[in-house]
Amino acid sequence: MTPRPRTAFITGGSSGLGYALAQRLLSQNYHIFIADISLDGAKELATTHNTPSVSKVHYAGADVSSWDSQLSAFKQALQALKGRIDYVFPIAGIGERRWLPFAEESAEGDFVKPNLQTLEVDLTGVLYTVALAVQQFRRQEKDERGWKGKLGLVASICGFSPVPAVPVYSAAKYGVVGLTRTYGKMLPTEGITVNAVCPGIARTSINTEAFYKSVEKDGILVSIDGVVDSFMDMIEGSGSAELYVCGPEGYVKKEEEKYDAWLQKSIDVLDEGHRWIHYSGL
Ligand SMILES: NC(=O)c1ccc[n+]([C@@H]2O[C@H](COP(=O)([O-])OP(=O)(O)OC[C@H]3O[C@@H](n4cnc5c(N)ncnc54)[C@H](O)[C@@H]3O)[C@@H](O)[C@H]2O)c1
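Here the residue index of a chain counts from 1 through its sequence in written order. Since the coordinates come from a predicted model, pLDDT governs what is reported: local features require at least 70, and pairs of side-chain atoms require 80 or more to be given and counted, while whole-chain, interface and lining totals use all residues. The side-chain quantities take in all heavy atoms of the structure and omit both hydrogens and water.

(A) Region of interest: empty space enclosed by the protein. In this analysis a 1.4 Å probe is tested at points of a 1 Å grid over the protein atoms alone, and where it fits but cannot get out there is a cavity; an open set with protein on both sides within 12 Å along at least five of seven lines is a pocket; lining residues have an atom within 4 Å of a point. Grid points are joined across faces, edges and corners, and a volume is the space filled by probe spheres set on the points. Enumeration over the complete set of coordinates arrives at one cavity of 30 Å³ or more. There is about 30 Å³ of room inside the largest cavity. Lining the largest cavity, in full, are Tyr87, Val88, Phe89, Lys150, Leu151, Gly152, Met234 and Ile235. Elements represented by at least two residues in the lining of the largest cavity include exactly β4 (87–90), β5 (149–154) and α7 (224–236). Three categories are distinguished: nonpolar for Ala, Val, Leu, Ile, Met, Phe, Trp, Tyr, Cys and Pro, charged for Asp, Glu, Lys and Arg, and polar for the others, with Gly belonging to the last. A per-class count over the lining of the largest cavity returns six nonpolar, one polar and one charged. Only DSSP runs of H or I with at least four residues qualify as helices, and only runs of E with at least two residues qualify as strands; both kinds are numbered from the N terminus onward.

This is the structure:
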């Protein structure tokens with residue numbers, strides 16, 4: 001009997017990093033489902049890879065910042081992928097938006113509600129995807145290698161190296177780093193892993209060509225292939241809570257910080273004191 005194809009759910013798979021990952025997975029015979037607000041890339045992949053007898057690429061339009069929208073896409077994915085999703089990649093994201101009026105426009109008038117779209121897509125949207133994935137993984141049997149499912153998130157170098165002019169994006173990416181370093185330590189006992197890539201500047205649709213041209217001169221552009229390699233390492237490895245820092249030469253795993261004894265003890269005590277929130281038997 002031919003082995004069942006491995007399956008993946010990718011948000012933001014129509015462009016950039018998500019699209020490159022989708023291409024790599026398809027080259028290894030995965031069956032994938034793309035949820036994206038824009039479907040041009042997903043449709044192109046479907047045209048290239050689907051045949052009248054085998055559909056490897058499925059997709060649905062979804063806004064990841066809406067729970068209902070993601071839920072609907074995830075349910076469609078479960079149906080298309082025959083009830084099992086091995087890997088989930090919340091990759092959809094946007095860059096920094098103006099969240100407040102210009103400083104020069106703030107002298108008078110009422111307070112303005114901030115635009116939190118970047119946080120809603122880059123953090124709330126990721127939490128929704130993680131919530132769907134973890135609930136689904138818990139319903140699945142372990143695969144032949146002992147895993148119920150794996151999550152590959154996308155943070156950024158902005159998730160640990162503060163960039164002053166991108167505060168809301170950084171808040172979201174620090175959030176993704178925090179989620180990875182915490183949940184990624186709790187879930188492996190259930191057969192679930194959570195890791196994240198932290199790319200530097202990669203040439204995708206998230207920024208302008210003019211910006212990339214200027215960055216290219218500095219020799220710091222990140223290889224998209226290297227980012228995809230780190231996703232593949234997450235799939236094949238058994239690590240969890242790992243941050244893959246992706247630079248021009250490929251990726252390295254970021255070492256965990258070492259804490260003073262009082263701080264480590266505090267972390268341990270807080271951890272033990274909050275496990276009951278997640279498991280009814282404690
Ligand atoms: N390109 C970089 O330099 C870089 C660096 C670090 C991290 N990242 C992160 O990588 C991820 C992917 O970005 P990219 O660089 O490939 O950009 P991209 O613009 O090429 O791709 C982003 C994809 O997300 C989709 N998307 C955006 N908002 C959405 C929403 N609300 N709902 C559903 N889909 C939505 C877009 O349609 C697009 O297909 C993002 O999380 C980004 O923050 C990118």
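(B) Summary view of unusual backbone geometry. Here the phi dihedral of Asn29 falls at roughly 70°; this positive angle occurs in a residue that is not glycine. Topologically, Asn29 is positioned in the loop between α1 (16–27) and β2 (31–36). At Ala241, a position not held by glycine, the phi torsion is positive, near 65°. In this fold, Ala241 is placed in the loop between α7 and β7 (243–247). The cut-offs for exposure are 20% and 50% of the maximum accessible area for each residue type, with area from a 1.4 Å probe on protein chains only; residues under the lower value are buried, those over the upper are exposed, and the others partly exposed. The buried category is assigned to Ala241, whose relative accessible area is 3%.

(C) Seen up close, the packing of aromatic side chains. When two rings of Phe, Tyr or Trp (its six-membered ring) have centres within 6.5 Å they constitute a pair, described as stacked for plane angles under 30 degrees, edge-to-face for angles over 60, and tilted for the intermediate range. Evaluated as defined, the whole model comprises seven aromatic pairs. With a centroid separation of 5.5 Å and 65° between ring planes, the pair formed by Trp67 and Tyr128 is classed as edge-to-face. Of this pair, Trp67 sits in helix α3 (residues 67–80) while Tyr128 sits in helix α4 (residues 117–139), placing them 61 residues apart in sequence. Take Trp67: its relative accessible area is 28%, and that puts it in the partly exposed class. Given a relative accessible area of 26%, Tyr128 falls into the partly exposed group. Here the aromatic residues Phe9, Phe33 and Phe74 are joined through ring pairs into a cluster of three or more.

(D) Focus on the sheet that holds strand β1 (residues 7–11). Strands are treated as partners if at least two bridges between them are detected by DSSP. Strands sit in the order β3-β2-β1-β4-β5-β6-β7-β8 across an open sheet of eight strands; the sheet is mixed. Every other strand in the sheet has two partners, leaving β3 (57–61) and β8 (250–253) as the edge strands with one partner each. For this sheet the average axis-to-axis angle between neighbouring strands, irrespective of direction, equals 20°. The pairing of β1 with β4 spans four bridges and is classified as parallel. Looking across to β4, one finds that Thr11 is bridged to Pro90. The sheet contacts of α1 involve β1, β2, β3, β4 and β6 (192–199), and relative to β1 the element is tilted by about 165°. Angular values range over 0 to 180 degrees, each being the angle between N-to-C directions of two axes fitted as lines to C-alpha atoms, with helices fitted over their stretch in contact. Two residues form a contact once any of their heavy atoms are found within 4.5 Å.

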